[in-house]
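Descriptive structure summary
One-letter residues, chain by chain:
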There are 2 protein chains.
Amino acid sequence: MAYKSDIQIAREAQKKPIQEIGAKLGIGSDDLLPYGHDKAKVSQSFINGVQGNQTGKLILVTAINPTPAGEGKTTTTVGLGDGLNRIGKKAAVCIREASLGPNFGMKGGAAGGGYAQIVPMEDMNLHFTGDFHAITSAHSLLSAMIDNHIYWGNELEIDVRRVVWRRVVDMNDRALRQITASLGGVANGFPREAGFDITVASEVMAILCLAKDLQDLQQRLGDMIVAYRRDRTPVFCRDIKADGAMTVLLKDAMQPNLVQTLENNPAFVHGGPFANIAHGCNSVIATSTALKIADYVVTEAGFGADLGAEKFLNIKCRKAGLAPDCVVLVATVRAMKMNGGVAKADLGAENVEAVNQGCPNLGRHISNLKSFGVPVVVAINHFVTDTEAEVQAVKDYVATQGSEAIVSQHWEHGSKGSEALATRVAEIADSGVSAFAPLYPDEMPLADKVQTICKRIYHADEALMDQKIRDQLKLWEEQGYGHLPVCMAKTQYSFSTDPTLRGAPTGHSVPVREVRLSAGAGFIVVVCGEIMTMPGLPRVPSAENIHLNEDGQIEGLF
Amino acid sequence: MAYKSDIQIAREAQKKPIQEIGAKLGIGSDDLLPYGHDKAKVSQSFINGVQGNQTGKLILVTAINPTPAGEGKTTTTVGLGDGLNRIGKKAAVCIREASLGPNFGMKGGAAGGGYAQIVPMEDMNLHFTGDFHAITSAHSLLSAMIDNHIYWGNELEIDVRRVVWRRVVDMNDRALRQITASLGGVANGFPREAGFDITVASEVMAILCLAKDLQDLQQRLGDMIVAYRRDRTPVFCRDIKADGAMTVLLKDAMQPNLVQTLENNPAFVHGGPFANIAHGCNSVIATSTALKIADYVVTEAGFGADLGAEKFLNIKCRKAGLAPDCVVLVATVRAMKMNGGVAKADLGAENVEAVNQGCPNLGRHISNLKSFGVPVVVAINHFVTDTEAEVQAVKDYVATQGSEAIVSQHWEHGSKGSEALATRVAEIADSGVSAFAPLYPDEMPLADKVQTICKRIYHADEALMDQKIRDQLKLWEEQGYGHLPVCMAKTQYSFSTDPTLRGAPTGHSVPVREVRLSAGAGFIVVVCGEIMTMPGLPRVPSAENIHLNEDGQIEGLF
């Protein structure tokens, strides 16, 4: 049997006007700011008006460590949302927006796959409702105002060697990673080293995704540290007086975007912070709003559970007062086989032995998640090539871990395929068994927070921090930043810092290379290994093949 | 009597849903892609469907050389559009979109003023429908792909010293005017000098505003020259294979934006090419579409008539096959007085003598415009401080020039104040007296085109071009670019290249400093004097005072 491609399925979608989708959640058309006929922003006044409502159940979808075989985390998030609606629940999905730049490098991110997708897919992978452009503008305004301040006399006494605010562009442009700016003489300012990151890596993005409302947004923007003086005292965004204008630029972007699944169920797509140097979850305002108007909200976190779910639970939930009622851990038979040592080319053949060998990666994620006090269900995202014996092997293993695994066939069958998963997840969420607590308290010293995550989540012997890093953490504690959570930047491919180390490694240690303060977003970034904040394009960028076909449809993007 | 500020008036606007505005021009709601409730894009399929319609009358609004006193060209454009609707004509207005960056330097561009404004004013001065962001993205993609091509082996043999494609950002950021890019070693590419312009200065912007449709757009994008080889042969955007993906990024931006005047009449706001290094008029697609669905279309050109109208007539009309049926030349008593030597502070006092002394500037614009074969009406944009004697002086002067001047009070009274102007303009447009022809034929040599404009429009003795420039023009003629029109880049404040030389100077010459080929847009830019393609911010940028007030309204932007 031949299967349709994601884009074929998406193009055949029978979309409903976005007003009908909003109506399912009680959002009137006056409170929907349409962007075309199939996208809308939910007005701030509507959001203000639902604050008194009861809060729905929150379901987090996370995954094992990613492999080239693919896990289908977003696909499962969408499929589960549709499944909940199918069994008569009022459910909404909350996912992240896609970054524009990377789509011109590699073929782009569809929002889900098969019969579990969010549409309009093209728009979501291009400009969408302009949120990321607004973030780029707000970020760029601050950049320009900093150099302008220096140009006109530098009253704040910024040390031009210590401007930590980099510039951003939403494009993979390695040539801008490191530049010398302000060349060309007196009229252009004081030459200094500078550089660009991709927009999703901006602290403005992280802030937009954590802010409760516009006031909170402006407060956090003002709190950002943009530079230091020669005496090492910080210069804040507020000192540059950019926070008000940045808030104006972000006013519309703060309103969550509503779109729909292939089955015409509501989906919020809002915010997309970098999952390594930031917390990597969709916006707090979207999740919180969805919880006030839907009975069940399904959301996802970036990368595997060691990185994404850890940050979701320790950063987003802590800051927003959220608590998941159930966690769904996505695994595939194929990914288990890769964790068990099978090469991608050989995934087609049945190999129960390899499945068994790969399962400990899954097992460790289960026990990690349980340590947060949350109930865990494993979703086996079914591929048509999976054999019954392989699936059973995963189920059996999960049972030994005191959890349960449910096969879900949303990719092939939409909500019909995810009914079983949805039913069980709703039961657990309704049961009230979740007793969520973050892994560490606010008042734990920063270095201990890092050790806690490395030992309890990565199962490492220890985090290695040299004197310079320990001194830096101490200094921040003295300056009043000790209560912040830590945001780990580590490879997503392994529990360790070695991306090739699959399974459930032990005996490793985690070298901390650098720590960074995101004073506005409100976390300390702990860098373990290389982090790339400005990707490059490959030798043959996908952009070379992207074009409009004769019917005006976009080709080559997916 | 106290007058309300523009922003007060705009906030009190009784806006109608954009579907009602579209309906006035026969655009059904399915063909309107809404952006919120008061903005929409007109679908490409609608545009395709009206091509067979009769073409309406085109009215160009231009002005005398700008002075710090203000002329109110956009205000008059809007007021005239409302006036035409008031007298029962089916009329639409076509103006340019505002650039975001400059609004954070000086207080921003309202769209019109008093009771002749286009709303929603805040949106139009911020992200609007994202067109400029799309242009920035498309431009940035090409920038990244050029350096990426060099990085991966430079198969096209680009001379890295001769990359002429600069980068853009929609922000006033002088620190980016001149940079060294690709620093930091092997992973980041080959270091080279580079720099940023503001987005409106991008050739992509000029192309978007001149392209007939998406096919034409892609063709022109492909034609852009991005670099030269050591042997000086050009490398085109098409060689980099960026034209398809850029077209995809610009697909939505190509659709004209529909908004409304304070009096709920339709206004298209689309495109905003730099008025010095580009042609400075709104998009061809907006103007052409408006002409197919309205009986009268009022549009404007950048700066004074010597620059803006000249380019409108010689570039936009030539390329798009448009021909104005009437030209309205906007003047104010105050601007006449400034041309007559009065300082801004002294404009309040009656000074008929100064008005008389300033009028020759107006006179020269009248005769220049007439040389294109178009009928000219002078609109005296009335200020409440103008005295009857001053107004009469302008009228008398204009009569001596074989033209007529009509006082218009749209700023104070809306369409009630512009009824007389609208009535006369409609009469002239209907009369068929216009016999428009561009100033020079396509086949005239490039150097002669420059001389023609300098002598016949600027009334200079000659254009001064050194051997290097003449050789360059010859080379382009040999390469097949000789048929292109020239796009003059000159100060807008004077007929000469000396911005302090007001009135109607003679005996001057025009030094040509540089010529540039915009092969995609399809013109040769002739630079006479300084041109700034990346503005800076002032000592106290207006951004410092821009913020949301307690009602969530934007303060400080206007």
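Residues numbered from 1 in each chain as written. Chains lettered and ligands numbered in written order. Predicted model: local features only at pLDDT ≥ 70, side-chain atom pairs only at ≥ 80, totals over all residues. Heavy atoms only, no water.

- Going by what an unreviewed UniProt entry lists, chain A is known as Formate--tetrahydrofolate ligase and is assigned to Thalassorhabdomicrobium marinisediminis.
- In UniProt, chain A has this text filed under Pathway (unreviewed entry): "One-carbon metabolism; tetrahydrofolate interconversion."
- For chain A, the Catalytic activity (unreviewed entry) comment in UniProt is given as "(6S)-5,6,7,8-tetrahydrofolate + formate + ATP = (6R)-10-formyltetrahydrofolate + ADP + phosphate". (UniProt positions renumbered as here; feature names shortened; annotations may be inferred.)

**Concerning helix α17 (residues 415-431) of chain B**
- Under the 1.5 Å per step criterion, the end-to-end length of α17(B) is 23 Å for 17 residues, consistent within 8% with the ideal 24 Å.
- Positioned one or two residues after α17(B), B:Gly432 has a phi angle of 75 degrees, which is positive. (Helix = DSSP H or I, 4+ residues; strand = E, 2+ residues; numbered from the N terminus. Expected span 1.5 Å × (residues − 1).)

**Topic: the UniProt feature "binding site: ATP" (unreviewed entry) in chain A**
Residue and element names in this part refer to chain A.
- Summarizing the sequence annotation, UniProt attributes the feature "binding site: ATP" (unreviewed entry) to Thr67, Pro68, Ala69, Gly70, Glu71, Gly72, Lys73 and Thr74 in the numbering used throughout.
- Looking at the secondary structure, you find alanine 69 in the loop between β3 (57-63) and α4 (73-86).
- Overall, alanine 69 belongs to the buried group, its relative accessible area being 9%.
- If we skip the residues at most four places from it in the chain, alanine 69 touches Arg334, Ala335, Met338, Leu347 and Phe383.
- Along the chain, glutamate 71 turns up in the loop between β3 and α4.
- Relative accessible area serves as the criterion here: at 10%, glutamate 71 is assigned to the buried category.
- Each residue touching glutamate 71, except ones within four places of it in the same chain, is listed here: Ala63, Ile64, Asn65, Pro66, Val330, Thr332, Ala335 and Asn381.
- A polar atom in the side chain of glutamate 71 sits 2.9 Å from the backbone nitrogen of threonine 67. (Buried < 20%, exposed > 50% of the residue type's maximum accessible area, 1.4 Å probe, protein only. Contact = heavy atoms within 4.5 Å. Polar contact = N/O pair within 3.5 Å; in protein donor to acceptor, adjacent residues only side chain to side chain.)

**Some points on the packing of aromatic side chains**
- Throughout the structure, instances matching the rule amount to 6 aromatic pairs over all chains.
- Judged by centre distance (5.6 Å) and plane angle (50 degrees), the ring pair of A:Tyr3 and A:Trp411 falls under tilted. Here A:Trp411 lies in helix α16 (residues 410-413) and A:Tyr3 lies in the segment before α1 (6-11), a separation of 408 residues in the sequence.
- Residue classification places A:Tyr3 among the partly exposed positions, given a relative accessible area of 34%.
- By relative accessible area, which is 28% here, A:Trp411 ends up partly exposed.
- Seen from their ring centres, A:Phe196 and B:Phe196 are 5.5 Å apart, and the 5 degrees between their planes marks the pair as stacked. In this pair, A:Phe196 sits in strand β11 (residues 196-198) while B:Phe196 sits in strand β11 (residues 196-198), so the two residues belong to two different chains.
- Between A:Lys490 and the ring centre of A:Tyr458, over which it is positioned, the NZ or CZ distance is 4.6 Å.
- Between the NZ or CZ atom of B:Arg364 and the centre of the ring of B:Phe495, over which it lies, the distance is 5.0 Å. (Phe/Tyr/Trp six-rings, centres within 6.5 Å; stacked < 30°, edge-to-face > 60°. Lys NZ or Arg CZ within 6 Å of the ring centre and 35° of its normal.)

**Looking at the sheet that holds strand β7 (residues 158-163) of chain A**
Residues and elements named next belong to chain A.
- Strands sit in the order β7-β12-β13 across an open sheet of 3 strands; the sheet is antiparallel. The outermost strands of the open sheet, each flanked by one partner alone, are β7 and β13 (234-236). With direction set aside, neighbouring strand axes in the sheet form an average angle of 50 degrees.
- Note that strand β12 (residues 225-229) and β13 share 3 bridges and pair antiparallel. From the neighbouring strand, alanine 227 faces β13, where its bridge partner is valine 235. (Pairing = 2+ DSSP bridges. Axes fitted to C-alpha atoms, helices over the stretch in contact; angles between N-to-C directions.)

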